[in-house]
Each structure stands twice: as structure tokens, then as C-alpha cells.
Amino acid sequence: MSAEAEFAPSGFSSVERSGRSAGNIAAAALRFGSLIAFAAILIVFSITAPYFLSVGNIGNVLGQSAISGVLAIGLTIVLIAGGSNVVTGGIDLSLAANMGLSAAVYASLTQLGYGDAVAIAASILTGSLIGLVNAIAVVYAGIVPLLATLAVMNIVAGLELVLTGNTVIPASTPILSALSASDPFGIPVLAYVLIDFTVLATAVVQYTPLGLRLYAIGEFPDAARAAGLPLRRLLAGAFIASGVCGGLAGILSVSYLSGSTTGSGEMLLPVVVTALLGSVFPRRLVPTITGTLLSALLVGFLSNGFQLLNISSTLVSGIQGLLILIVVSATTLLRRQEA
Amino acid sequence: MTVIPLKQPSTLQQDVIRLEGIVKGFGGAQALAGASLVVRRGTIHGLVGQNGAGKSTLIKLLAGLHQPDGGRIEIEGQAFDRLTPHLAEELGIHFIHQDRLLVPTFTVGEALFLGREPRIAGTPFLDRRLMQRRAAEILNDYFGVRLPNTALIGDLSTAEKQIVQITRALLNQPKVLVFDEPTAALVRREADILFRLIRRLRDEGVTIIYISHYLNEIEQLCDHVTVLRNGQDVASSPISETSAAAIARLMVERDIQDMFPKPVVALGDEILKVEQLSAPGKYEDVSFTLRRGEVLGLTGLLGSGAKELVRTLFGLEKPASGRIDIGGRPAHLSNPTQATGRNVALVPEDRRRHGIALDLSVKENTSLSSLDRFTRFGFLDRKSEQREVDALIARLQVKASGRDALLRTLSGGNQQKVAIAKWLSRHSEVYLLDEPTVGVDIGSKVEIYTLIGELAARGAGVIVLSSDLPELIGITDRILVFFRGRVVREFASSEATADRVLAESTGSPEGQRHVG
């Protein structure tokens, strides 16, 4: 290893590292700041609202967060593969409407006498088709995701209106009842569904080569291209995966509400908040599935705490909007500083 | 000392790569007109040529990114009609690109193995531990570098990123490794380490193709060198039989002596004075003066500081210290508005992005920056605008279907004329022209040269930044050569030759040179 001795005293390892410390401190501040904010919210509510930290209530929050959590995970996949630029990067605004249509499809089919198997398959198919349309619009027609999915959102919402006539279609089947039940400890089944789904998505996105490649195409497409990755197929796949999440969320929503919903559009803001907020927790300040779960719980606890304190729920949506502004501007500033 | 013309017979089996008589055109332009490159196994082969000589086209052909229109490709004795990126990789040809193509939020291990990630045996999951261990082993073995396992690409220095990029290529166990301007962003010490690595790779049997503007590097590092000019190989020889100066001369020689119409202009007062201007990391201690009627040439390689200086004079960058006087009064140029306020005009290199608006008409582009001159009582005086634009179109000989033609429909040369006309219409006094004839056909070039002469004749001071040295010598009065942030030499254009200017700008000044 004479060569090593020859190369070892090089200047590479000692190349100046200053200048990036400021960015690191700001990044750390953002990360720990958000964790502290999370903790502060928990503490304040647990002091002011007596039942806040009970097992039952925590299970409740998990269960209530299941639908938005699954949607936010879908959105996270698109954020990862499309890149984190808020305007030109990945976003899927059609997710909430997707959930609404998938739920309406499920409820309508059970009304027509079809069984759960058919309804589940149809809902997921609906979701994945919406994802496919998004994929075609973005990847093959080259429309900016923000616009493409906004247009698809309107189409999907229109289809839902046609299907339901703007009424709630009730649905009650064995599987729906099982999903909306609670276990002997009073923890809703939906809470377990959310946790299982998070574990599954985490395994795929954070621990497989596929996941790594999704990050590569989103963060630095040129590097991904140089590594020989099929960019278009991967990005299209991300939109379809997001669509499937919409379909799944539709099923959960039918079970939670015992029927279709006319208010799916209201889910959009919380889902976008959740997915964007998720990227402040990980060390690299990139979207991750676990980060999204954390922020889904943060948003869930926030709404839950307000409910327990009898504070108007309209305030919650204002706070969510504020969170988007803070998170997006903080990460944008940070990235600009690092560039 | 003489460079042997290529047509020598070569020993066959030893050649890893034989590209012969390669022809490649883009639209009307012929990028390669019968270029050949023969690379012997286990050598470091330098490939040099001016911008536009066809280096990058030739390399992209080898990478399978372009397909040749004609010629022979032979790799390891096997003939191919064309290469694809996949085929090139299978043949063991790998590339270290100028841009460091690494994902900033990845760890070193992730960046190294992206696209061929190891999995934990029997599972679909990434083996992150193996990735980290292999990354650490390779980095330590080849570079003696220890990077923390958790280090992200975005936290690394440019040199460290370059190492990771090279390591990525080494993981493929390449037979041929192509370096494209690898030292452009490195400091001296880092470059030396890179050279030692390249030599070590050669000794281990890897064939290296090394592309660089820095002729002293070529002289120092390469075993063999091929010179490209105008899409053809003009010479190929062992490095021991040539010199940086001889290579420089081969690079710039022209087949046709172009016409440079340079009118004789009597010099007037001093219009611009730059004193000890410094911007650390960009340029240091630059002083010069520019008189009315004078055309001053600046040249230097990418990163030499010449471009940054021009940007500073237009208020796009701030100097750390020093002084700029325009027309005898100190100028504080912290943004382009202040620069135009002092009648400074910039025609940028990337005119499509910064110089003109492609989707506006000739008229609008011309009058855009001087609309206030055509405004009466807050409204545009269309008639006087049109009169002036028509006069400019005629004077500059802009070939367009009319003043309402969109810039998009014009040729590169005519777009450039409009970019200059824009400033004429403002009566600017100091013109900064950054690579004014890049992408311009030869006929329009001569017209632009004429125009530059006219600007000077009308009493403006003109600064031309160009890497086209015969052009620079032909149209300027004086030339300042930049190298690594400093003005290393001033030439009177009448006494300058392209190879001497090039030798200065590539850091191999003529002291060591004996041109026969």
C-alpha cells in the first residue's frame, strides 16, 4: 500500500468545510424547531385537555389520521420523485378528489349489490386510473404537475358529482364495519391500518433500490440519467402509486363515514400540509414516509386538541395554511442558501 | 519538436479505440469533417482543440450520445456502425463529465452505487452497510480519503465530489476512462493529486483519454496528444515529440485567413479607467484604461476572471476593492440599471437568455431599453420609434422580413445584430461584448466586426471578450490576457499572434517555447 501512503497526506480531506456550517445550523434549527413545536403542542394540550394523552385518544387521533395519512404518503411519493421545487416539482392535487371518487365508486357498487371484493378492486382501479391520467399528462404531455393534477382534480370531482348527484350514498358491508370497529383496548382498526401501510411504504421507499432511484430522479434528474435510470417510467410509476393511495384512502373513507362523502375537497389542504411538513423532520430535509407519518400525527393532534378544547375547527384550517407558508418558505430559503 | 501528421501506419492490436474519418453534421454546421482518433492501450491520450473544434462531439460519439454520419468506429479491433450509451458501457468505456452528476442529498455510498445498488442477500432491500463499507474501501485505497459514513454529497467540496464521480466510474472496472476538463474547478494541489491518480490508473492498465484546455497539463500528463481543428485531426503525436507551444500553434492556425475590417480610429479621451479592481476568487488587482475609439480585447480560459470582470463592469458582480471611473467620474455599479445609467452596454454571450427576447419583434427588441426616448406625454410615439428602428435595421444590415419579424425567426448572426442595435438606440458609450460571434455564420461575423469598428469610430470605447483568438487579434487594438484571475500579459494586437496569446492564457508562456 505504498500508493496509499502517497495519496494519504493529500489536501482533499482538509478542503475547507467552513461556509456550510451556517446552512447546517439553520437546517438543524428547522428540524429541532419543528420537533420542539410538536412536543410543545403535545404538552400544552395534555395540560389543558384532560383526556388528550389517554391511550384511547391517541388511538383516536391515529384512526382519524388514517385517511389523510394514506393520502399524504401517496403525495410524498410524488414529492420524492418529482422533486421538491414547489412550483415545478412533484405535486398531486387530485388526491383528495381521487379519494372522493373512489369512495363513491365503492359505495355505488355496494348499493348495486356487488360484494366487497369487487368494490375494493374497483376503488383501487379507479385510483390507479386517475394516477395513470396524471402520469400521462405530466410525463408524456410534459405539463407541470401543479397544473396537470389541478385539471385532473376538477375532472375527477366532476365525475364524482355525476356518480353521486351530490348526495351521500350510504354503504354498509362486513369489511367496512370491520375497518371502522375498534379493538378491545378501544383503539380503532384504522389506526392499525395506517401503521401497517406506513411500514409497507417505508420498506419500499426508504429501503429498496427503487426508492433510492425515486429520490435520484426527483433531486437531480441529470445524475439519474447519467446512472442509466429510466426517468419517465419511474416518475409515471410515482403518480400511479399516488393514485393507488387515493383509491385506498377512498375505501378507508367509505368505512369511516359509512358511505361516500361530498366533502372530499376539504381534505386537500390538510394532505398537502402533511406531506410538505413531513420533510422538516428528516436529517436531509427531504420528504420521507416516516417524516410524513410524524407530520400526519402532528396535524391530527392539532385538530384533536382543538376539538377537545372546543375551539372552532375553522381555526384549524387557518393554522394549516400558516404551516404551509412557514414550512415552504423555510425550506426554500434554506435550499437557496445551500445552493 | 515537430508534430508528425497523422497518416502514419499504427500497430494494430495495441489500439483500444480507432475512430477514423468521422463525419458529423448538425443542421447546416459540420461539427466533424473526417476526424480520426487512435488511442493506444495503457496510455494517457490528450485531446485538445479550441471551442468548436469538435472535441465534445467526438467524445459524445464515443459515448453513444451522437451517431456519426460517416466514418469507421473500431473498439478493441471490433468494428461498429454506431455506439449506444449501453454498448459503450459494455465495452468498458466510461466518462468523467465536467458537471458532477451526483445527487446532493445522497450519502457517498448511495451516490456511488445509484443504478446498481447491492441488496441484502435474499431480500429486495438495499444493503446500505455494504455500500458504505465498499465506498470507504475504494476511497481510501485510491485516494487516501476518509469521508464520514453520514456525509452527504452536498456537504462535500468540489474536489471531493470529483473523487466520488471518478470512483463511480472505477466501480465499473473501466477499460477506457475519458476525463472531460477535470481540473476546471480544482486548485493546483488537488489537480496534482488527480494527475497522480490518473497515472496510477494507467499503470494498472486503464486507457485514459484526457481533454483539457490547459496545455501545460497535457504536456505534463499525457503520453500522446491529438489536436483537433475545424472538425478534423490536424496532428497526432507522442508528447515527447511536441510542446505546448507547438500544440497551441496547431490549434489556432486557420485554413483561410479571415478578413478583419478594422478601421483606423484616432483615439480620444479616456472613457473608462479600472484601478486595482479585485474580487477574491474571481480576479485580482486588475488595472487598465479604455479610450474613446479604442477596441480592447480580453481573453482567458473559463474561470480566468475575464468574464467576471466584464460582468462587474455591467454591475452584475461586485468587486471587493478597487475603483472604476467612467468618463472621468467614479462609478458605483452595483446593478445593471446603474451601469446603463452611465451609458455602459452589455451584449452577453448567451444572447438567447439574456440579450434578446426571442418572442418579441425586431422593433420591440431594438427599442425596448430606450422606450423613454420614444415616449411623449406617457404614450409611445410609434412613428418615431419605427423611424429609428428602420434606420438601425438598414444600418446594421439585419436580414429580417421586416421590423415586425419575431427574433426567433432570425439567424444567430442577425439576432446578435439586434442585440447590439438595442444599445445603439440608447447611445451607449462603453460597449461590453461577450463572445459576440459565438454561433454566428462567417458572413454575419464580418458584418459584426464592421459594426464593432463603427462603434469605435463613433467615439465609443469597446471591450470585446472572446476566445476566438484570430478574431480578437483582428478586431482589437490591445489585448489583455487573463490567467487564474490575473492579467498576465498585455499585447498590442498588431504584435500578437494567436499561439502566443493562447500560450499565455493556458499558463505556458513563451519563455520555454522554441517555435521552429
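This is a predicted model, so every value here is computed, not measured. (Residues numbered from 1 in each chain as written. Chains lettered and ligands numbered in written order. Predicted model: local features only at pLDDT ≥ 70, side-chain atom pairs only at ≥ 80, totals over all residues.)

Thoughts on the environment of Val-286 of chain A
With respect to the helices and strands, the residue Val-286 of chain A is situated in the loop between helix H12 (268-277) and helix H13 (289-308). It is 23 Å that separates the C-alpha atoms of Val-286 of chain A and Phe-301 of chain A, two residues lying 15 residues apart in sequence. If we skip the residues at most four places from it in the chain, Val-286 of chain A touches Ser-84, Tyr-215 and Ser-279 of chain A together with Thr-105 of chain B. (Helix = DSSP H or I, 4+ residues; strand = E, 2+ residues; numbered from the N terminus. Contact = placed C-beta atoms within 7 Å.)

Let's talk about helix H5 (residues 116-140) of chain A
For H5 of chain A, built from 25 residues, the straight-helix expectation of 36 Å at 1.5 Å per residue is met to within 8% by its first-to-last C-alpha distance of 35 Å. Of the residues flanking the end of H5 of chain A, it is Gly-142 of chain A, one or two places downstream, whose phi is positive at about 75°. (Expected span 1.5 Å × (residues − 1).)

Re the sheet that holds strand S11 (residues 270-279) of chain B
Residues and elements named next belong to chain B. Strand order in the open sheet formed by four strands is S12-S11-S14-S15, and the pairing between neighbours is antiparallel. At either margin of the open sheet sits one strand with a lone partner, and together these are strand S12 (283-291) and strand S15 (329-330). Relative to strand S14 (residues 321-326), S11 runs antiparallel, the two sharing five bridges. Note on S14: the bridge partner recorded for Lys-273 is Asp-325. (Pairing = 2+ DSSP bridges.)

Notes on the sheet that holds strand S3 (residues 44-48) of chain B
Residues and elements named next belong to chain B. Ordered by their spatial adjacency, six strands build an open sheet running S6-S7-S8-S3-S9-S10, and the pairing between neighbours is mixed. This sheet does not close on itself; its edge strands, each paired only once, are strand S6 (93-96) and strand S10 (232-238). Geometrically, the sheet is characterised by an average inter-axis angle of 20° between neighbouring strands, direction not taken into account. With five bridges connecting them, strand S7 (residues 176-180) and strand S8 (residues 207-211) associate as parallel partners. In the sheet register, Val-176 faces S8, and the bridge partner there is Thr-207. Relative to the sheet, helix H8 (residues 244-252) contacts S3, strand S9 (224-229) and S10, its axis offset from that of S9 by approximately 25°. (Axes fitted to C-alpha atoms, helices over the stretch in contact; angles between N-to-C directions.)

Points about unusual backbone geometry
Unlike most non-glycine residues, Ser-258 of chain A shows phi in positive territory, near 55°. In this fold, Ser-258 of chain A is placed in the loop between helix H11 (231-257) and H12.

A closer look at the UniProt feature "transmembrane region" (unreviewed entry) in chain A
Residues and elements named next belong to chain A. The UniProt feature table records "transmembrane region" (unreviewed entry) at residues 28-53, 65-83, 120-139, 146-165, 185-205, 234-257, 288-309 and 315-334. Taken as a whole, residues 28-53 contains 81% helix and 0% strand, while its terminal C-alpha atoms sit 28 Å from one another. Annotation note: span residues 146-165, helix share 95%, strand share 0%, distance between end C-alpha atoms 28 Å. (UniProt positions renumbered as here; feature names shortened; annotations may be inferred.)

What to know about H13 of chain A
All names here are of chain A. Compared with an ideal rise of 1.5 Å per residue, which puts 20 residues at 28 Å, H13 spans 28 Å between its outermost C-alpha atoms and is within 8% of the ideal. Of all 20 residues that make up H13, 16 are buried, and the element is covered over most of its length. Asn-310 occupies a position one or two residues after H13 and carries a positive phi of about 60°. (Buried ≥ 20, exposed ≤ 12 C-beta atoms within 10 Å, placed from the backbone.)

Brief notes about the packing of helix H3 (residues 55-82) of chain A against H13 of chain A
Residues and elements named next belong to chain A. With their axes 8 Å apart at the nearest point, H3 and H13 run at an angle of 135° to one another. Classified by the angle between their axes, H3 and H13 sit oblique to one another. Taken as a pair, H3 and H13 cross one another with a handedness that is right-handed. Here Asn-57, Asn-60, Val-61, Gln-64, Ser-65, Ser-68, Gly-69, Ala-72, Ile-73 and Thr-76 of H3 lie close against H13, whose contacting residues are Ile-289, Thr-292, Leu-293, Ala-296, Leu-297, Gly-300, Phe-301 and Asn-304. Of the residues belonging to the contact of H3 with H13, the class tally is eight nonpolar, 10 polar and no charged. (Parallel < 35°, antiparallel > 145°, perpendicular 65-115°, else oblique. Left-handed = near helix turned anticlockwise from the far one by under 90°. Nonpolar A, V, L, I, M, F, W, Y, C, P; charged D, E, K, R; others polar.)

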